[in-house]
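An overview of the molecular structure
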Amino acid sequence: PSSSMVLDTRYYAIEPVDMQKILSWDLTNSYVYKVEGFDCDEYGVVLMANIMRLSYRCNYDYRIAIGIITGDDLSKKISHLMNFFIDPENKVWCIEPQEDAIIQCENTNYVFTNAIM
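Residues numbered from 1 in each chain as written. Predicted model: local features only at pLDDT ≥ 70, side-chain atom pairs only at ≥ 80, totals over all residues. Heavy atoms only, no water.

1. A closer look at the environment of Ser24
For Ser24, the position within the fold is in helix H1 (residues 16-25). A relative accessible area of 52% places Ser24 in the exposed class. Residues Ser24 and Cys94, 70 residues apart in the sequence, show an inter-C-alpha distance of 16 Å. Within the local environment of Ser24, its side chain forms a polar contact with the backbone oxygen of Lys21, the two atoms lying 2.6 Å apart. (Helix = DSSP H or I, 4+ residues; strand = E, 2+ residues; numbered from the N terminus. Buried < 20%, exposed > 50% of the residue type's maximum accessible area, 1.4 Å probe, protein only. Polar contact = N/O pair within 3.5 Å; in protein donor to acceptor, adjacent residues only side chain to side chain.)

2. Details of the pairing of strand S8 (residues 110-116)
Here three bridges tie strand S1 (residues 3-5) to S8, and the two strands are oriented parallel to one another. Paired with Ser4 across the two strands is Ala115, which belongs to S8. Both strand S4 (residues 66-73) and S8 contribute to a ladder of six bridges, which runs antiparallel. For Asp73, the partnering residue across the bridge sits in S8 and is Tyr110. (Pairing = 2+ DSSP bridges.)

3. Section: the environment of Gly44
Note that Gly44 resides in helix H2 (residues 40-57). The exposure class of Gly44 is buried, given its relative accessible area of 0%. Counting along the chain gives 46 residues from Gly44 to Asn90, while the straight-line C-alpha distance between them is 21 Å. Other than its neighbours up to four places away in sequence, Gly44 contacts Ile68, Leu81, Asn83 and Pro97. (Contact = heavy atoms within 4.5 Å.)

Have a look at this one:
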């Protein structure tokens with residue numbers, strides 16, 4: 001991304017299989033999609049907050065390495081916000097919070113411009 005903001009100095013990296021377990025327990029994807037009312041940005045912020053809350057409730061010293069990322073699909077001419085996390089091998093994975101889908105960010109059609117973690 002051309003712009004990034006890292007809010008803490010230490011995070012827990014998480015394996016994709018463990019993130020998938022967390023997503024199966026989380027209910028963010030059950031919200032009803034509403035254009036401009038509850039769309040990609042709301043889904044992403046809610047999922048990030050829920051996982052930050054999980055880190056707090058589990059009394060971790062640091063929080064799970066999850067954030068939000070924005071990008072553009074240049075072929076479809078659309079912008080999108082989704083979540084991302086970092087695994088122990090420093091691979092960056094994207095989460096589509098509306099569907100609980102996980103994919104390596106480099107394998108998406110998006111050119112990412114902004115990230116916050």
